[in-house]
Amino acid sequence: MITFDSCKTLEPHHNLNNAQIRSTGNNVDLLLEKIAKSFDNKPVLKGIDLSIEQHEFVAVLGKSGCGKSTLLRILGGLEQPDSGRILKAGKSYQADKTRVLFQEPRLLPWLNLLDNVTLALPDRWNKEKSRKMAHDILLKVDLQDQINSWPSYLSGGQKQRVALARALISTPQILAMDEPFSALDALTRFNMQHLLEQVWIENGFTVILVTHDVGEAILLADRVVLIEEGIITQNIAIDFPRPRKVRCHTLNDLENDLLDQLLKIKAA
Amino acid sequence: MTLLSIFYRNRAGWFLPAGILFLWEIAVYTNFISMRFMPSPSSVALAAMQKILSGELFIAICISATRAFSGLLIGGLSGFGLGVLNGISHNFRAYTDTTLQMIRNIPHVALIPLVIIWFGINENAKIFLVALGVFFPIYANTLLGIQSVDPHLLEMGFVYRLSRFQQFFKIMIPGALPSILIGLRYALGVMWLTLIIAETISTSAGLGYMTMQAREFLRIDIVVLIICIYALLGKLADSIVRFFERRLLAWHPSFQLERVS
Ligand SMILES: Nc1ncnc2c1ncn2[C@@H]1O[C@H](COP(=O)(O)OP(=O)(O)OP(=O)(O)O)[C@@H](O)[C@H]1O
Ligand SMILES: [Mg+2]
C-alpha cells in the first residue's frame, strides 16, 4: 500500500545523485526541434523546442486547448508533426519505447487485471514468466488481491493504477502522461502522485507529465514548462530536494508565482 | 443452473399458460370449441406421443434442423466475414456496403419463385433461402460492432505495439461481440421463419412436409403439434445463444447486474 508513511521511506540520496547529474545540463537525451502541428489549417503547435535529459521529470502546463495533448500524442507516435524533428540520443526518435498514460485508464473490459497488464508484454514470452511479472507489478500498485477481477469492478483510482502497472511492466524509456490523475479525488490523487514519484525514482525512465494542476507540477517535476500560443514560453527548473512536502512554504511561494504567471496569460 | 431451477425461478410466469391450457381443454371437451377447428391439448399430447414413438417426429426434426443450421452456418459465416472485412477496411466498405444495403431491401422470401427456378425444390433451395435470411442481421450487426469498438482502446493497442493479430483478437472481436450476439439471436428468429415458409411451399421431408400431409388428412392435432415444435425449437436456439451471451459477456456491466439481482 502506498500510504503517506511509505512516501517518507524514499531514499533522499538517490534523488540528490540524480539532481547532480541533471545540474551538469549537457546530458540531453530527447530533443524536440521546432515541432509544429496544425489541424484543419489551424496551427496548434507552432514550434516547440525542448530538450529533456535522461530520467528527467518534466511537467507541461498550459491553458486548455493549447496543444498539450497534441504534443504528447506526437511523442507517443499517435500523431505525426507537420514539421520539426525529434531526436533521441542524437538519432531519429522512435516512439516504440514510449508509453502513454491517458486521462482515462483505457483498460480492456473483457480481460481481468492480470491479462490487462500482460497485454503490454510481447506475446511470444513465456506465459508463466509474464504472469509472474504482472503479479509483481500489481503488487507494487497494491492490487494483488484483485488480479482476477474485471476492470468494471474497480474504482477510478484502482483502474488508473492498473494502467500505470501496464505502462511500467513494458519498461518504458519515456512515460508520457496526459492528466492521468485529474479525474481522481484528492486523497487518491495524492497517493498516486507518490506512487508515481517512487516508481520513477526506482526505474529511471523519463517522465513527461501534462497537468492542469500547478501544485502537482511543483510537487513532482524537475522542470516545469509552459506552452502558450503554440510555443514554450517558460522553462523553470524546480530545484527542491525530494521528498517534497505539499504544504512547505517555499513550494507554496513558487506555486503562487507560477499561478500568477498562468493567470496573466489567461487574462491577456 | 439446471433447466428445472430456471423453471422454478420463473414459476409465477407459468400460471397463466397453465390456466389457459386447462380452460381450453374444458372448452373442447364441452364442445364449446369444435374439434374440427381446434384440437384439445390432450389430443395434441396424444399425437405427440404417437409421432415420438414411431420415430417420425425425431427424423423430421433432424431433417429440418439440418436445413436450418446449414443455412445459418453458410449465411452466418459469410455475413460475419463480410462484416469484419467491411468493419476493418474502409476501402472494402466503400465498394461493397452500398450494394449490400440495396440487396438487403429485398425481402428474401420474395425470392422464392426465383429460387425454385434456380434450385428446383431440393434441399439447396431451402438452405439458400435460410442463408440469405440470416446473412443480413449478422452482417449488419458485425459491421456495427466492429465500427463501434472504442477507438481509445485501439489507440491504446497502438501505443503498446500490439500486432495486427492481437489488435483483432484482443480488442476488435471482443469489443464487437455484444453486437454480434444480438445479430445472431435476431438471425435465429429469421432462420426458423424462413425455414417454415420454405418448407410449407415445397418439400418432401421434414417438419413442413409433416404439416402439409397432416393438413391433407385433416389431422389438425398434428398441425398444432408441429406449430408447438417450431416454437420450442426457436426457444431452444435462443436459450443456447443467451447461455453463450452470459458466458462470453460476463465482463459486461449489464450482465454483472443481472447476476447480482
Ligand atoms: N484530431 C483533431 N482534429 C482536429 N482538431 C484537433 C484534433 N486534436 C486536437 N485538435 C485541436 O487542437 C487543439 C489542441 O488540442 P489539445 O487536445 O492538444 O489541447 P490540450 O492542451 O490538451 O487541452 P486540454 O487541456 O483541454 O486537454 C484544440 O483546439 C483541438 O480542438
Ligand atoms: Mg488534453
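Residues numbered from 1 in each chain as written. Chains lettered and ligands numbered in written order. Predicted model: local features only at pLDDT ≥ 70, side-chain atom pairs only at ≥ 80, totals over all residues. Heavy atoms only, no water.

A. Quick peek at the overall build of chain B. If you tally the helices and strands in chain B, you get twelve helices and zero strands. Along chain B, from the amino end to the carboxyl end, the secondary structure elements read α-α-α-α-α-α-α-α-α-α-α-α. The principal-axis extents of the C-alpha atoms in chain B amount to approximately 75 × 55 × 30 Å. Sorting the 261 residues of chain B into buried and exposed places 41% on the buried side. (Helix = DSSP H or I, 4+ residues; strand = E, 2+ residues; numbered from the N terminus. Buried < 20%, exposed > 50% of the residue type's maximum accessible area, 1.4 Å probe, protein only.)

B. Representation of the sheet that holds strand β9 (residues 223-228) of chain A in the model. Residue and element names in this part refer to chain A. Pairing in this open sheet of six strands is mixed, and the strands run β6-β7-β8-β3-β9-β10 from one edge to the other. The open sheet has two free edges, formed respectively by β6 (98-101) and β10 (231-237), since each of these has just one partner strand. Between one strand axis and the next, the sheet turns through 20° on average, direction left out of account. When strand β3 (residues 57-62) meets strand β8 (residues 206-210), the two strands line up parallel, connected through four bridges. Within the sheet, the bridge partner assigned to V60 lies in β8 and is V210. (Pairing = 2+ DSSP bridges. Axes fitted to C-alpha atoms, helices over the stretch in contact; angles between N-to-C directions.)

C. Broad picture of the sheet that holds strand β5 (residues 91-92) of chain A. Residues and elements named next belong to chain A. With respect to topology, four strands assemble into an open sheet ordered β2-β1-β4-β5, the strand pairing being antiparallel. Each edge of the open sheet carries a strand with a single partner, namely β2 (42-53) and β5. In this sheet, strand β4 (residues 83-88) lies alongside strand β1 (residues 28-39) in antiparallel orientation, the contact comprising five bridges. Each bridged residue has a counterpart across the sheet, and for A36 the counterpart in β4 is S83. The strands touched by helix α3 (residues 68-75) are β1, β2 and β4; relative to β1, the strand with the most contacts, the crossing angle is about 120°. (Contact = heavy atoms within 4.5 Å.)

D. Structural view of the packing of helix α5 (residues 90-104) of chain B against helix α7 (residues 123-147) of chain B. Residue and element names in this part refer to chain B. In contact at an axis separation of 11 Å, α5 and α7 are set at 140° when each is read in the N-to-C sense. In terms of orientation, α5 and α7 fall into the oblique class. The element α5 and its partner α7 pack so that their crossing is left-handed. Touching R93, D97, L100, Q101, I103 and R104 of α5 are F135, F136, Y139, A140, L143 and Q147, all from α7. (Parallel < 35°, antiparallel > 145°, perpendicular 65-115°, else oblique. Left-handed = near helix turned anticlockwise from the far one by under 90°.)

E. Looking closely at the nonpolar core. By size, the foremost hydrophobic cluster in this structure holds 121 residues, and its most contacted members are A:L30, A:L32, A:I48 and A:L138. Dropping the residues within four chain positions of it, A:L32 is found in contact with A:I48, A:D49, A:L50, A:L71, A:L75, A:R85 and A:I86. With seven residues, the next largest nonpolar core counts B:I146, B:I173, B:A176 and B:I180 among its residues. (Core = buried A, V, L, I, M, F, W, Y, C linked by side-chain atoms within 4.5 Å.)

F. Here's a closer look at empty space enclosed by the protein. All names here are of chain B. Under the defined criterion, the tally for this structure stands at one cavity of 30 Å³ or more. Roughly 60 Å³ of internal volume is contained in the largest cavity. Lining the largest cavity are I112, V115, I116, G120, A125, K126, L129, A198, I201 and S202. (1 Å grid on protein atoms, 1.4 Å probe; cavity = no way out; pocket = protein on both sides within 12 Å on 5 of 7 lines; lining within 4 Å. Points joined across faces, edges and corners; volume = space filled by probe spheres on them.)

G. Representation of the environment of B:C228 within the structure. One can find B:C228 in helix α11 (residues 220-248). The sequence separation of B:C228 and B:V44 amounts to 184 residues, and the corresponding C-alpha distance is 9.5 Å.

H. Just the interface of chain B and chain A, in detail. Across the boundary between the two partners, chain B contributes 19 residues, which contact 26 residues of chain A. Taking both sides of the interface into account, the surface hidden between chain B and chain A amounts to around 2,100 Å²; carbon and sulfur atoms contribute 63%. Considering only the side of chain B, the residues that lose the most area to chain A are B:V159, B:Y160 and B:W251, jointly responsible for 32% of the buried surface there. Two residues, A:R106 and B:E155, come together in a salt bridge whose shortest N-O distance is 2.8 Å. Going through the elements one at a time, α8 (151-159), α9 (164-201) and α12 (253-260) of chain B are the ones with two or more residues in the side of chain B that touches chain A. Ranked by residues supplied to the side of chain B that touches chain A, first place goes to α8(B) with six residues. Residues belonging to the side of chain B that touches chain A are distributed by class as follows: eleven nonpolar, four polar and four charged. (Buried area = accessible area lost by both parts, 1.4 Å probe. Salt bridge = Lys/Arg side-chain N within 4 Å of Asp/Glu carboxyl O. Nonpolar A, V, L, I, M, F, W, Y, C, P; charged D, E, K, R; others polar.)

I. Spotlight on the pairing of β6(A). Residues and elements named next belong to chain A. Neither face of β6 is exposed, since T98 and V100 on one face and R99 and L101 on the opposite face are all buried. Inspection of the sheet shows β6 paired to strand β7 (residues 174-178) by four bridges, in the parallel sense. Bridge pairing in β7 places L101 opposite M177.

J. Region of the structure containing the packing of helix α6 (residues 112-119) of chain B against α7(B). Residue and element names in this part refer to chain B. Two numbers describe how α6 lies on α7: the axes approach to 9 Å, and their chain directions differ by 140°. With respect to α7, the axis of α6 lies oblique. Once α6 is placed against α7, the crossing between them reads as right-handed. Of the residues in α7, those in contact with I112, V115, W118 and F119 of α6 are N124, A125, F128 and L129. When the residues that make up the contact of α6 with α7 are grouped by side-chain class, the tally is seven nonpolar, one polar and no charged.

K. Quick peek at the side chain of B:K51. All names here are of chain B. Locating K51 in the fold gives a position in helix α3 (residues 41-54). Here E56 takes part through its side chain, which lies 3.1 Å from a polar atom of the side chain of K51. Ignoring sequence-local partners within four residues, the contact set of K51 consists of E56, L57, M210, I222 and L225. (Polar contact = N/O pair within 3.5 Å; in protein donor to acceptor, adjacent residues only side chain to side chain.)

L. Representation of the confidence of the model for chain B. In this model, chain B carries a mean pLDDT of 89, and residues with pLDDT of at least 70 account for 97%. Our summary of model confidence lists the complex with pTM equal to 0.83 and ipTM equal to 0.82. (pLDDT = per-residue confidence, 0-100.)

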